[in-house]
Amino acid sequence: MSGTMRDRFYGTAEELVDADERIAVVLADIGTGRMPDAERAHADRVINVGIREQLMVGVAAGLAMTGFRPIVHSFAPFAVERPFEMLKLDLGHNDVGAIVVSVGASYDTAVYGRTHQSPEDVTLLSALPGWRIYVPGHPTEADQLLRAAARTDERVYLRLSDQSNQLARPITPGRLHLERRGRDATVIATGPLLDAALEATADLDVTVLYMTTARPFDADTLRASLTGDLVVLVEPYLAGTSSAEVAMALADEPHRIAAIGVPNVEHRKYGTWQEHNAAHGLDARGIRARILRALSRTA
Amino acid sequence: MTVTIPALEYSDLRRLMDFQLGDEKHAPSATSTLDVIWVLYDRILRIKPDRTDDPDRDRFVLSKGHGPMAYYAVLAAKGFIDVETLRTFGRYDSPLGHHPDRNLVPGIEISSGSLGHGLGIAVGMALGLRARHSAARVFCLVGDAELDEGSNHEAIAFAGRVGLANMNVVAVDNRSSFYGWPGGIAARFALEGWSSATVDGRDHAALEQAFNLERDGRPHAVVAVVESKA
């Protein structure tokens with residue numbers, strides 16, 4: 001099956017709405033018209049609240065309180081940043097679940113500028129308790145993770161991106177996937193940055209773990225796979241977002257962390273996500289340079 | 001928590017509120033809502049203290065969360081909370097905080113306290129009940145100052161547009177909104193397609209009548225005017 005993560009999402013959401021009367025989709029204009037069959041057949045459960053993102057999350061909470069499994073969907077800045085207190089309280093403090101599905105990732109639509117860029121999303125949601133955060137690297141993985149989320153009542157953030165790896169991996173929700181075993185260091189490559197990380201380390205003797213569940217962080221697999229004292233985090237959102245998780249997982253192990261990700265600066269560039277990746281050292285060349293620098297300091 | 005059915009009356013509420021000490025800051029909020037909440041629980045809402053998980057119960061949503069002493073007093077009078085629990089109000093291990101938590105008290109529908117959240121959740125509840133073809137209704141209490149929060153107006157506009165007829169708002173107006181509502185609060189709802197009524201928030205018969213007004217397939221707002229906070 002072809003298409004971007006976003007394309008696959010609409011098809012799967014439509015299928016889920018049709019198959020399970022608990023599933024409801026709440027939109028704030030973004031995505032309307034992309035699930036035409038479900039919008040027609042299940043108009044009471046495919047709800048567009050208009051450009052009202054605070055209401056989108058509040059409505060999802062109310063739906064959850066009346067027995068539904070809501071899927072909330074918008075661009076990352078409008079699904080996470082604008083209604084952040086609703087995510088914290090309406091869902092979290094009230095202890096009800098929803099699946100928040102974002103598109104746009106850090107800067108997929110970079111040409112629209114800072115207003116549509118959200119490299120902070122995972123950091124923000126990581127600050128809230130009880131969220132499961134999925135960062136798929138391929139449309140097939142995104143589809144698998146959405147279906148897994150639909151079977152639970154958890155609070156789930158599913159971060160879709162235009163960026164994708166060439167091939168899907170046989171991932172298990174909640175677990176790091178062992179991509180390659182080496183001897184000198186451990187690289188944790190997140191979501192759509194796996195291909196770039198593999199290219200960057202093709203001739204390096206390093207273990208590569210593939211992360212599609214960012215939270216809860218899979219400390220067990222990291223500890224079991226740990227290679228050398230250097231852990232390189234490669235994340236497509238703010239650099240260091242998972243550094244504290246790695247540090248806690250390895251609290252009793254001597255280790256160093258090299259955190260590669262999007263710098264926390266005020267971004268004022270347009271263009272494409274490829275240009276942003278290159279500028280932030282998140283292409284294969286930039287990742288390789290950072291890893292070689294970190295390895296050169298290995299005792 | 002032990003739940004007893006004490007069959008207490010309106011005249012007992014002040015005594016029950018007196019059990020709850022320590023939130024003087026929110027005392028005006030508590031007294032302003034007292035009659036509205038009593039009338040809802042005594043005459044309007046179809047809910048039972050031993051069936052707080054009934055999927056077809058009416059929902060009462062205390063959006064503003066402030067001054068819940070009146071709410072807790074009514075819940076105690078109606079058998080949702082043990083009366084003695086009121087004396088634990090605000091203590092570290094008490095289920096009764098200065099803002100309510102649905103996870104600590106069966107019968108409390110939402111955890112609230114940050115203004116501007118309840119109405120959106122209530123709209124979601126009403127949509128969910130409508131999708132399930134339930135006859136249950138949702139009643140959401142907001143304060144006139146709480147309406148300053150823009151999130152409320154997202155919910156008011158949307159509910160009006162989609163004719164959410166099982167949705168009810170009661171806005172308790174004690175003139176605490178800093179800039180006020182020129183033209184009246186009811187007009188704001190009416191403009192968005194709600195039916196509306198403005199009544200004396202201390203008049204039980206008038207409140208009951210206002211809640212029961214025919215709304216012609218529209219959501220319904222009752223503005224309950226009480227003494228000015230100032």
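Read on for an overview of the structure. (Residues numbered from 1 in each chain as written. Chains lettered and ligands numbered in written order. Predicted model: local features only at pLDDT ≥ 70, side-chain atom pairs only at ≥ 80, totals over all residues.)

## As for the overall build of chain B
- Across its full length, chain B holds seven helices and five strands.
- Moving toward the C terminus, one meets the helices and strands of chain B in the order α-α-β-α-α-β-α-β-α-β-α-β.
- The C-alpha atoms of chain B give 16 Å as radius of gyration, which agrees with the globular expectation for 230 residues (17 Å, within 12%).
- With respect to the three principal axes, the spread of C-alpha positions in chain B is 45 × 45 × 30 Å.
- Across chain B, every contact between residues at least 6 apart in sequence was considered, and the portion connecting residues at least 24 apart equals 77%. (Helix = DSSP H or I, 4+ residues; strand = E, 2+ residues; numbered from the N terminus. Rg over C-alpha atoms; globule rule 2.2 N^0.38 Å. Contact = placed C-beta atoms within 7 Å.)

## Regarding the interface of chain A and chain B
- Tallying the contact residues gives 25 residues for chain A and 23 residues for chain B.
- Of all the elements, helix 3 (residues 53-65) of chain A adds the most residues to the side of chain A that touches chain B, at nine residues.
- Partitioned by chemical class, the residues of the side of chain A that touches chain B number 11 nonpolar, eight polar and six charged. (Nonpolar A, V, L, I, M, F, W, Y, C, P; charged D, E, K, R; others polar.)

## Some words on the pairing of strand 3 (residues 69-75) of chain A
Residues and elements named next belong to chain A.
- By the criterion of burial, strand 3 is predominantly enclosed, with seven of the seven residues buried.
- By the bridge criterion, five bridges tie strand 1 (residues 23-27) to strand 3 in an arrangement that is parallel. Residue Ala-24 lies in a different strand from strand 3, and its bridge partner there is Pro-70. (Buried ≥ 20, exposed ≤ 12 C-beta atoms within 10 Å, placed from the backbone. Pairing = 2+ DSSP bridges.)

## Re the sheet that holds strand 5 (residues 220-225) of chain B
Residues and elements named next belong to chain B.
- A sheet is described by the order of its strands in space; here five strands give the open sequence 1-2-3-5-4, paired in parallel fashion. Pairing within the sheet leaves two strands with one partner each, and these edge strands are strand 1 (59-62) and strand 4 (195-200). In this sheet, adjacent strand axes meet at a mean angle of 20° when their direction is disregarded.
- Two elements, strand 3 (residues 167-173) and strand 5, share six bridges in a ladder whose sense is parallel. Looking across to strand 5, one finds that Asp-173 is bridged to Val-225. (Axes fitted to C-alpha atoms, helices over the stretch in contact; angles between N-to-C directions.)

## Describing the packing of helix 3 of chain A against helix 5 (residues 84-93) of chain A
Residues and elements named next belong to chain A.
- At a minimum axis distance of 9 Å, the contact between helix 3 and helix 5 shows a crossing angle of 15°. By the criterion of interaxial angle, the relationship of helix 3 to helix 5 is roughly parallel. In this structure, helix 3 crosses over helix 5, and the sense of that crossing is right-handed. Residues Gln-54, Val-57, Gly-58 and Ala-61 of helix 3 pack against Met-86, Leu-87, Asp-90 and Leu-91 of helix 5.
- Across the contact of helix 3 with helix 5, the residue classes tally to five nonpolar, two polar and one charged. (Parallel < 35°, antiparallel > 145°, perpendicular 65-115°, else oblique. Left-handed = near helix turned anticlockwise from the far one by under 90°.)

## Points about the packing of helix 3 of chain A against helix 5 (residues 150-161) of chain B
- Axis separation between helix 3 of chain A and helix 5 of chain B bottoms out at 8 Å; the angle between their running directions is 75°. One finds that helix 3 of chain A runs roughly perpendicular with respect to helix 5 of chain B. Note on element contacts: helix 5 of chain B touches helix 3 of chain A through Ser-151, Glu-154, Ala-155 and Phe-158 of chain B, opposite Gln-54, Leu-55 and Gly-58 of chain A.
- For the contact of helix 3 of chain A with helix 5 of chain B, the per-class residue count stands at three nonpolar, three polar and one charged.

## Details of the sheet that holds strand 2 (residues 46-48) of chain A
Residues and elements named next belong to chain A.
- Sheet architecture is open: seven strands sit in the order 2-1-3-4-6-5-10, paired in mixed fashion. Every other strand in the sheet has two partners, leaving strand 2 and strand 10 (213-215) as the edge strands with one partner each. The sheet shows a mean angle of 20° between the axes of neighbouring strands, taken without regard to direction.
- Pairing geometry for strand 3 and strand 4 (residues 98-103), over five bridges, is parallel. Each bridged residue has a counterpart across the sheet, and for His-73 the counterpart in strand 4 is Val-101.
- Along the sheet, helix 1 (residues 5-19) contacts strand 1, strand 2, strand 3 and strand 4; its crossing angle with strand 1, the most-contacted strand, is approximately 135°.

## Points about helix 7 (residues 139-150) of chain A
All names here are of chain A.
- Spanning 12 residues, helix 7 covers 16 Å between terminal C-alpha atoms, matching the ideal 16 Å at 1.5 Å per step.
- In terms of burial, helix 7 is largely enclosed, as 10 of its 12 residues are buried.
- Buried within helix 7 are the following residues: Pro-139, Glu-141, Ala-142, Asp-143, Gln-144, Leu-145, Leu-146, Ala-148, Ala-149 and Ala-150.
- On its buried face, helix 7 is in contact with helix 1, strand 1, strand 3, strand 4, strand 5 (131-134) and strand 6 (155-159). (Expected span 1.5 Å × (residues − 1).)

## A look at helix 3 (residues 69-77) of chain B
Residue and element names in this part refer to chain B.
- In terms of burial, helix 3 is a largely internal element, nine of the nine residues being buried.
- Within helix 3, burial applies to Met-69, Ala-70, Tyr-71, Tyr-72, Ala-73, Val-74, Leu-75, Ala-76 and Ala-77.
- Packed against the buried residues of helix 3 are helix 1 (13-18), helix 2 (27-44) and strand 1.
- Following helix 3 by one or two positions, Gly-79 adopts a phi angle in the positive range, close to 90°.

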